[in-house]
Amino acid sequence: MRALLAMVASAALAACATTGESLATDTGMDAIADDYVLLQLTIGEKESGYIDAFYGPDVVKNRAVSDAAGQSLPQLSARALALRDRAAGLLRASGVEPSLEQRRARFLVAQLTAAITRLQMMQGAKLSFQDEAQGLFGVRPETPALSTFDPVIAEVDRLVPGSGPLWQRVDAFKKQFDIPADRLKPVMDAAIAECRSRTLARIAMPAGERFELALVTDKPWSGYNYYQGDYHSKIEVNTDLPVRLDRAIDLGCHEGYPGHHVYNVLLERDLVKGRGWREYAVYPLYSPQSLIAEGSANYGIDLAFPGDDAVAFNTRVLAPLAGLPTADVARFVALNQMTEKLTSARYTVASRLLAGEITEAEAADLLQKYQLESPERAAQSIRFIKTYRSYIINYGLGQDMVRAHVEAAGATQEAKWRRMEQILSEPTLPEDLLAH
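Keep in mind that what you see is a predicted model, and the values were worked out from it rather than measured.

Comments concerning the pairing of strand β4 (residues 232-238)
Counted residue by residue, β4 has six buried out of seven residues, so it is predominantly covered. Note that strand β2 (residues 210-216) and β4 share seven bridges and pair parallel. Each residue of the ladder has a partner; that of V216, found in β4, is N238. Sheet topology note: the strand β3 (residues 223-229)/β4 ladder contains six bridges and is antiparallel. Bridging from a neighbouring strand, G223 pairs with V237 of β4. Hairpin connection between β3 and β4: a loop of two residues separates the two successive antiparallel strands, and D230 in this loop has a positive phi of roughly 55°.

So this is what it looks like as structure tokens:
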């Protein structure tokens with residue numbers, strides 16, 4: 001498939017002398033897909049981190065570098081608008097049946113809407129937190145009043161009694177589950193291996209799929225998957241702060257199986273190679289695709305480790321491997337599950353910080369109160385919010401939407417895994433998750 005794409009792109013490049021012309025000669029969906037890939041890569045040349053993954057032909061990447069040098073952001077916005085109009089026209093012509101081809105067109109329209117929004121932001125447009133999330137990710141999050149989380153805080157207070165600020169008590173309790181630095185690699189290896197085993201028992205993966213794990217520092221995130229193509233990922237775990245026991249399974253599932261690695265592998269196998277849909281060879285980070293990616297990766301933790309499976313595996317395997325106590329593992333996991341109810345409080349804090357309504361110091365205080373974070377972890381959260389802005393909604397809201405869609409498929413694990421595989425391997429948009 002790469003050779004075919006390279007030949008198509010090379011032939012088009014030979015025929016095109018003007019920056020911004022179509023890479024393809026036909027006027028159908030494949031032509032739009034080719035122009036979409038080139039456009040996204042060109043935007044990526046204007047903003048570092050905009051492209052999360054690309055594994056198409058180098059000739060297209062080189063063309064994007066050339067285009068970026070000669071085109072302004074307003075010109076790229078005009079290209080994006082025109083391309084979205086072309087995709088919308090084909091969508092209208094495709095009828096009302098929810099075929100894969102129609103879903104392909106809908107995906108391109110939604111992704112291009114996100115590109116248009118991001119280009120506006122790159123040119124200085126100031127959007128509200130909700131408007132930004134709607135434009136980039138296709139959903140409009142709620143930002144609840146922080147007082148609505150006080151009952152959850154009271155629950156946590158009962159679970160971790162004592163004196164002093166609640167965040168301090170929670171942090172002191174959790175610190176006993178900090179994985180020693182010299183044991184982190186074997187613990188992560190064991191966690192990812194178990195996540196992989198449980199996923200491969202449910203989802204068939206292509207031969208040769210693989211990943212490599214690296215421990216890194218000085219990042220705004222706790223973990224990241226860099227998809228390389230050819231069914232290969234590089235998974236990085238940030239060690240700026242101690243990694244806690246529960247995060248081994250979380251990161252193994254989220255970044256690996258059945259999370260980001262599986263998602264990208266299935267898209268490459270089924271859509272890029274299987275159907276020749278080259279638009280899936282590029283993944284722009286600020287797009288509806290990220291809500292699917294992050295939401296499915298987070299829900300994949302519970303799917304792979306249902307019920308008390310996480311407690312059992314942490315107690316039996318990971319805690320001893322890390323040299324950590326096992327007596328309070330169940331309470332530790334229960335505490336983390338309870339604090340998940342506070343997730344959307346982060347949206348409210350982020351929206352107020354990004355709007356300039358509160359200072360970073362005030363935001364840190366609120367994160368300590370409503371996310372029960374230490375000052376160090378609150379500082380890391382603020383760094384993430386300032387870097388990725390409304391992207392944070394994809395983790396919590398995305399997980400809730402994926403959970404509802406998957407669990408509507410049936411009560412059995414078999415039904416849930418089948419629905420999960422459909423989400424990961426088909427042109428799925430956030431709005432699709434609302435149709436149970």
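Quick look at the side chain of S425
In this fold, S425 is placed in helix α19 (residues 413-425). On the basis of relative accessibility, which here comes to 12%, the residue S425 falls in the buried class. Side-chain polar atoms of S425 contact the backbone oxygen of E421, separated by 2.7 Å. Non-local contacts of S425, meaning those with residues more than four positions away in its chain, are made with L266, L267, D270 and L271.

Some words on the sheet that holds β4
If you walk across this open sheet you meet the three strands as β2-β4-β3, and the pairing is mixed. The outermost strands of the open sheet, each flanked by one partner alone, are β2 and β3. The mean angle between the axes of side-by-side strands here comes to 20°, regardless of whether they run parallel or antiparallel. Strand contacts of helix α9 (residues 184-200): β2 and β4, with the helix running at about 150° to β2, the strand carrying the most contacts.

What counts and how
Residues numbered from 1 in each chain as written. Predicted model: local features only at pLDDT ≥ 70, side-chain atom pairs only at ≥ 80, totals over all residues. Heavy atoms only, no water. Buried < 20%, exposed > 50% of the residue type's maximum accessible area, 1.4 Å probe, protein only. Helix = DSSP H or I, 4+ residues; strand = E, 2+ residues; numbered from the N terminus. Pairing = 2+ DSSP bridges. Polar contact = N/O pair within 3.5 Å; in protein donor to acceptor, adjacent residues only side chain to side chain. Contact = heavy atoms within 4.5 Å. Axes fitted to C-alpha atoms, helices over the stretch in contact; angles between N-to-C directions.

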